Every structure is written in C-alpha cells, then in structure tokens.
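Spelled out from the first residue to the last, the chains are:
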Amino acid sequence: MKILFVNASPHGETSHGYGLAIEMIRTLGKSAHGAVVKRDLASQPLPPITQDYAKAITSRDPDASRFDVSEQLIREIETTDALIINTPMHNFTVPAALKLWIDYVLRVHRTFAVTPEGKVGLMRDRPTFVIVASGGFHSGERAWQGDFLTPYLRYALGSIGLKSAHFVLLQGLTHGDEAVTDALQRAREGVARHPLFASDNAITL
Ligand SMILES: Cc1cc2nc3c(=O)[nH]c(=O)nc-3n(C[C@H](O)[C@H](O)[C@H](O)COP(=O)(O)O)c2cc1C
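Below, the structure is looked at part by part. Just so we're clear, the structure is a prediction, and the values are computed from it rather than from any experiment.

When the charged atoms of two side chains with opposite charge come close together, those side chains can pair. Applying the stated criterion across every chain yields a total of 10 salt bridges. One salt bridge connects Arg110 with Glu71, and the closest N-O pair in it is separated by 2.8 Å. A residue pair is termed long-range when its members are at least 10 positions apart, and Arg110 in the loop between α4 (96-105) and β4 (112-115) and Glu71 in helix α3 (residues 68-78) qualify at 39 residues. When its relative accessible area of 14% is taken as the criterion, Glu71 is described as buried.

The structure is reproduced here in structure tokens:
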C-alpha cells in the first residue's frame, strides 16, 4: 500500500496531528509494507497561483507547461492507495497552505468535469483521513465557534471523487495537557474503529 501524507501544520513534527498521522502510517505500514510519500505544504510551500496558471486553467488550448505543479500534486494522489491529511484549523477554516494545494489539485477537465448536473469528480475514490487540529471546540457539546473547515474540505475532496473522507478531530488543543491527552485518546479510538485499522485482515486495498 502506498500512502500520501499531506501536512499543512506549520508546527511540523511537533504538531499533535502530525504525530497521530505518523502513528496511523506506522499501523498501516506494518500491515501492508507500504511506501509513504510526504508532501509538506508548511515547510515547503507551493508557489502562489500566477496569472499564467489562471489563464491556462480556463483556456480551451492551454499551455500544458503551466500545469507542472498541478500535475505533480495530482499524480501524487493518483499513484497512492490511501491519503492522510494533517491540517490545523486557522480562523475557522483550512490554512492558506492547504487552500493553495486545493487550488492546484481541483482542476477542470483533469480532476473534475463540469456537467449539466454539476461538477463530477474524475479521480478514483480511496481511503482518505483528514486530521483536523484546533485550539478550541467547533463540534459537539462544547462547540463555541463556526466550522468552515470540515464541510468545505469534505465538499472539495468529494468534488474530485474522494468521497470517502474520514475526519479525525483533535479539539481543544490549547486547553492544557489534559485536554490534549483526551483529544488524542478520542481520536485514536475513532481511528481504530475504521475498517482499515480495525484489524490487519480488514485491509482490502
Ligand atoms: C493563524 C492561526 C489561526 C487559528 N485559528 C483557530 C481557529 O479559528 N479556531 C481554533 O480552534 N484554533 C485556531 N488556531 C489554533 C490552532 O488550530 C491550534 O493551535 C492547533 O492545535 C494547531 O494544530 P497543529 O499543532 O497540528 O498545527 C489558530 C492558530 C493559528 C496559528
């Protein structure tokens, strides 16, 4: 099994979500002897969207060289069996680094088609885990802020065909050590219930 790990946390390896992603990769790797491709959007930021790219994306006869970055990112997904995204919540939604990745990966005529019924994804679905780390709470009884991250990212990934996104929430991470331990425990329990992690035999990729 080949796993693509996309990190969008500026905290890198010290991010709690990053640590959880590594635990998940180790579990999958143990079961499936897989390879991991890492795309670190925080330590190696993608170039901003240029006018050339914006023109090419809407052109009938685009200059294909404008799509080099986009192609590379799309191929990283296409050649993978499972996807793990670690993202913090930044001001109620995805951090800018992850939004830029989305802007390269969602490409008309390439990863989605426009039809009379709406946009249709052109990528094969595959297990996708999104770890969402937040300082406060946006889901459940303690929620006190809006969440424009999970619905947006679910919709964006679904629009290219990645419809099986499984969200793993790490909430309340700025509320002290106990809150961090509690968030990690809940997240690990949730991950363990997923068929891909439930038992070695459950892996059917
Ligand atoms: C620019 C910025 C914006 C943030 N906005 C929010 C927010 O809207 N809601 C929230 O709960 N936490 C917010 N946080 C806190 C982070 O989500 C929190 O520290 C999280 O644990 C970071 O995860 P990481 O350690 O995996 O990077 C923000 C942090 C930064 C740096």
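Turning next to unusual backbone geometry. Here Phe92, not a glycine, exhibits a phi torsion of approximately 75°, which is positive. With respect to the helices and strands, Phe92 occurs in the loop between β3 (82-88) and α4. The phi dihedral of His109 falls on the positive side, at around 70°, and the residue is not glycine. Tracing the chain through its elements places His109 in the loop between α4 and β4.

With parallel pairing, the five strands of this open sheet are ordered in space as β2-β1-β3-β6-β7. Looking along the sheet, the strands with just one partner apiece sit at the ends: β2 (35-40) and β7 (165-170). Shown here is a sheet whose adjacent strand axes are inclined to one another by a mean of 15°, direction ignored. One ladder, built from six bridges, connects strand β1 (residues 2-7) with β2; its direction is parallel. For Val6, the partnering residue across the bridge sits in β2 and is Arg39. Running over the sheet, helix α5 (residues 150-159) touches β3, β6 (128-133) and β7 and is turned about 160° from β7.

Scoring rules and cut-offs
- Sequence order as written defines residue numbering, which begins from 1 separately in each chain.
- Only residues with pLDDT of 70 or above have their local features reported here, since the model is predicted, and side-chain atom pairs are shown and tallied only from 80 upward, although totals for entire chains, interfaces and linings are computed over all residues.
- To obtain the side-chain values, all non-hydrogen atoms of the structure were used and water was disregarded.
- The salt bridge criterion pairs a side-chain nitrogen of Lys or Arg with a carboxyl oxygen of Asp or Glu, the two atoms within 4 Å.
- Helical segments are the DSSP runs of H or I of at least four residues, strand segments are the runs of E of at least two, and each set is numbered from the N terminus.
- With a 1.4 Å probe rolled over the protein chains alone, any residue whose accessible area is under 20% of its type maximum counts as buried; one over 50% counts as exposed, and the rest are partly exposed.
- Whether two strands pair comes down to DSSP finding at least two bridges between them.
- Axis geometry follows a simple rule: fit a line to the C-alpha atoms, using only the stretch in contact for helices, then measure angles between N-to-C directions, giving values from 0 to 180 degrees.
- Only heavy atoms enter the contact rule, under which two residues are in contact if any of them lie within 4.5 Å.

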